[in-house]
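Remarks on the overall topology
Now for the letters of each chain:
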2 protein chains.
Amino acid sequence: MAKAFRIALAGLGTVGGGVVKALHDNASLIRERAGRPIEIAAVSARNKKKKRDVKPPNVPWVEDAAKLADVGGVDAVVELIGGSEGTARKLVEGSLKRGIGVVTANKALLAHHGYELAKLAEDKGAALKYEAAVAGGIPIIKALREGFAANKIKAVYGILNGTCNYILTEMRETGRDFGDVLKDAQAKGYAEADPSFDIDGIDAAHKLCVLSALAFGVRPDFKNLKISGIRRVTAKDIFFAQELGFRIKLLGSARQTDKGICQSVEPCLVPIKSPMGAVDGVFNAVFVEGDFVGNGLSVGRGAGAGPTASAVVADLIDLARGFDVPAFGIPAAKMKQGGWTGTDHLVSHFYLHVVVLDRPGVLADIAAIMRDHDVSIETVIQRGRDPDKPVSVVITCHSVAQARIEKAVARIGKLRSMADKPSLMRIEKF
Amino acid sequence: MAKAFRIALAGLGTVGGGVVKALHDNASLIRERAGRPIEIAAVSARNKKKKRDVKPPNVPWVEDAAKLADVGGVDAVVELIGGSEGTARKLVEGSLKRGIGVVTANKALLAHHGYELAKLAEDKGAALKYEAAVAGGIPIIKALREGFAANKIKAVYGILNGTCNYILTEMRETGRDFGDVLKDAQAKGYAEADPSFDIDGIDAAHKLCVLSALAFGVRPDFKNLKISGIRRVTAKDIFFAQELGFRIKLLGSARQTDKGICQSVEPCLVPIKSPMGAVDGVFNAVFVEGDFVGNGLSVGRGAGAGPTASAVVADLIDLARGFDVPAFGIPAAKMKQGGWTGTDHLVSHFYLHVVVLDRPGVLADIAAIMRDHDVSIETVIQRGRDPDKPVSVVITCHSVAQARIEKAVARIGKLRSMADKPSLMRIEKF
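Quick summary incoming for the structure in this document. What you are looking at is a predicted structure, and each value in this text was computed from that prediction instead of being measured. (Residues numbered from 1 in each chain as written. Chains lettered and ligands numbered in written order. Predicted model: local features only at pLDDT ≥ 70, side-chain atom pairs only at ≥ 80, totals over all residues.)

Some points on the overall build of chain A
Helix and strand counts for chain A come out as 13 helices and 16 strands. Its C-alpha atoms give chain A a radius of gyration of 24 Å, within 12% of the compact-globule value 22 Å for 430 residues. In terms of principal-axis extent, the alpha carbons of chain A reach across some 80 × 45 × 35 Å. Looking at the 430 residues of chain A, the share that counts as buried comes to 55%. Here the analysis covers contacts within chain A between residues at least 6 apart in sequence; of these, 75% occur between residues at least 24 apart. (Helix = DSSP H or I, 4+ residues; strand = E, 2+ residues; numbered from the N terminus. Rg over C-alpha atoms; globule rule 2.2 N^0.38 Å. Buried ≥ 20, exposed ≤ 12 C-beta atoms within 10 Å, placed from the backbone. Contact = placed C-beta atoms within 7 Å.)

With respect to the relation of the copies chain B and chain A
Taken as rigid bodies, chain B and chain A are interconverted by a rotation of 180° and an axial shift of 0.0 Å, the fit giving an RMSD of 0.0 Å. The symmetry that links the two subunits is that of a two-fold axis. Of the residues that chain B buries at the interface, 100% are likewise interface residues in chain A, meaning the two copies contact each other through the same surface. (Least-squares fit on C-alpha atoms with pLDDT ≥ 70 in both.)

Structural notes on the interface of chain B and chain A
The partner chain A presents 47 residues to the 47 residues of chain B that form the contact. Examining the composition of the side of chain B that touches chain A, we find that eight residues originate from one element, helix H11 (residues 305-320) of chain B, more than from any other. Tallied by class, the residues present in the side of chain B that touches chain A amount to 24 nonpolar, 13 polar and ten charged. In this sheet, strand S11 (residues 294-301) of chain B lies alongside strand S11 (residues 294-301) of chain A in antiparallel orientation, the contact comprising five bridges. Each residue of the ladder has a partner; that of Val299 of chain A, found in S11 of chain B, is Leu297 of chain B. (Nonpolar A, V, L, I, M, F, W, Y, C, P; charged D, E, K, R; others polar. Pairing = 2+ DSSP bridges.)

Describing the sheet that holds strand S2 (residues 38-44) of chain B
Residue and element names in this part refer to chain B. Taking strand neighbours across the sheet as the criterion, the five strands line up as S2-S1-S3-S4-S5 in an open arrangement whose pairing is parallel. Among the strands making up the open sheet, the edge pair consists of S2 and strand S5 (128-129). Summarising the sheet, strand S1 (residues 5-10) and S2 pair through six bridges and their orientation is parallel. When the sheet's bridge partners are listed, Leu9 is paired in S2 with Val43.

Regarding the packing of helix H12 (residues 362-372) of chain B against helix H13 (residues 402-413) of chain B
Residues and elements named next belong to chain B. Running from amino to carboxyl end, H12 crosses H13 at an angle of 150°, the nearest separation of the two axes being 9 Å. For the element pair H12 / H13, the angle class is roughly antiparallel. Between H12 and H13 lies a crossing whose hand is right-handed. Between H12 and H13, the residues in contact are Ile366, Ile369 and Met370 and Ala408, Arg411 and Ile412, respectively. Residue composition of the contact of H12 with H13, grouped by class: five nonpolar, no polar and one charged. (Axes fitted to C-alpha atoms, helices over the stretch in contact; angles between N-to-C directions. Parallel < 35°, antiparallel > 145°, perpendicular 65-115°, else oblique. Left-handed = near helix turned anticlockwise from the far one by under 90°.)

Note that every value here comes from positions in space, so none of it alone points to a role or purpose.
Spelled out as structure tokens, the structure:
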């Protein structure tokens, strides 16, 4: 039997516990697949005395996680601390500098420092792997880096945040509004006490940066990214979308356009009858379009101890087998910088929901503005009559550039009969 | 720049042409991702003079494909001839014996000789790779061998044959019957002149053997596999399934049960509202359940020049990078033999469609037989009345072992009022 592959593990929370459990429960199978045993050589976590579901392994405990790389005879460090700065960054940089491979689940770190870390890893001949950073239950990092490696990627779209997808699914199934469902999700532990990272789309944006870098060979760039979360999605939006044959999903999308690569995280409509439309609850999904492979979609759990541990251990098995690829699939020196563009020129169908005071001529005003901006209306839903009370008008539009419809909507938003800010969402067809 | 990775290509049909095109069109990107150029060193195809969409590369043409491995300085042979015996087998065995790596799309060869070839490859230190053999557009071989490597796999299910899925989708969308749609598909080139390989489930069964071997660490075994195709699925079945909220899909499924591994290829009902239920037309889909990763589904194109070439070239990139894993993920010596079981003890919901002469007491007879076999009825659809004419009765049953309901249905099939053979299908919930 070949020599064991020894790891130092930073973080013993949900995911760390899952890694310990997977390495223990499936030890013999992992040994067969990795060609040698994978052993934990040292651990570190904030609170040694904390009660944990999974018993920490009986190995040296290192108080300062950033010093885990100093433990002798370690083949790889597993970083499960999180955050783009502080201890996590110190540990990852320190390990790579010493030529020790790193496996991490840290999307924030990669979104902000991915290129520098990839370069450091390459310079030092150390591996940097992060399957667990995006949609843990879907081996999408491996798919983009290796499985689709023969393709020019045209687009990557994904439901990348399970909390948001859970909230949107609950809103649809119960008809309740955002705030109400969020409170419930927090009580159940599905959403954090401070939910902003999830619901404002930041977590999804971190993940999208990583996917984008892999797909297009660019340096991860968190700045060139339009982000809007799900706070403004209403129960009515979800209802009308359904009437029109769509679901609302928070989509991270990155696509190669004529004008550059366009990245955005925003709520979009997707057809109910598409595989993407059927992805509900905490599940994640990633759609990839390549020039040879065509379209494909992968669905799986995004987070949680099991799926994330599965991804971390898969990376460890690759390393134990001696398989190392540049962190983003190509040499760091070849990673392009920039070449970004905004969403202005994206041509798409759109969904527009306005709440107006029910007065004669309102629809005529809206239609006239649309006409003035050369936006062609596809369907209109206006239900019920309640003079001088707010009513919903929902309009879908034929293909039009985003900048143009945004201009029209800005004007519509200024109409005197407008009772609330108009809600505009792209309709993505799969 | 590192030395080129040189390949010999056997077969210049649709897929071979696609490989030539991908290596040409995406050469610079492939060079970056593989760390060196991938070059075609020699080709072989049956007819040198045939007009081809893709111009064969200007390299030595070897008349006898089986001799491609004799060309000097070749790093890998790409076998795109097909068939479990003959030239394809000779070429693959010959190459491996010389220690030359093989990339193949040949599921029949792997289903029948997978273990022997994996062993030979291992003994000779040569790679054997076959991403293109199953669902070319979905990197499912890599996912099972590497991405999900930390997991005990519980089940793999898939829509593995695009022709069948196309026919079933067409039947549903047009309401036409099987034979009619098949003729149309043949005329359009979506089905072969001799369609048996596809529609009788043999192609799907070859693919399932490969998935099963990877998922469970067993030797591929084409004999221990229940196969039934889609010839007997009627437009009425599809209509009633839809009424009940289901689609009919030809599913290849392999699962680890208490009694062993159970493999089958048969038409099944899947919920319309599941991602699997939304997979239409020529698309393939593979569902995987692992102990840590949970459930996941991947959807993509199954066949065609582009997706298959994408898979072949991905394998070549892995080899060019020097990544080699045992063909089925574990050493050949560890691959279990046997441990199979039939579908008898599978507990599931079922769909039963009987065509009976509309006479008083028929439903009572059927219900009594169900009761005698302790099969619990969930829903009954019986529409229209047409005394002494054949009418459809559709019944769904609560969870019951397959052997038990099959016994009940055998008795029901013998009722005097039966106008046709009853149709029984498993309902798979995802």
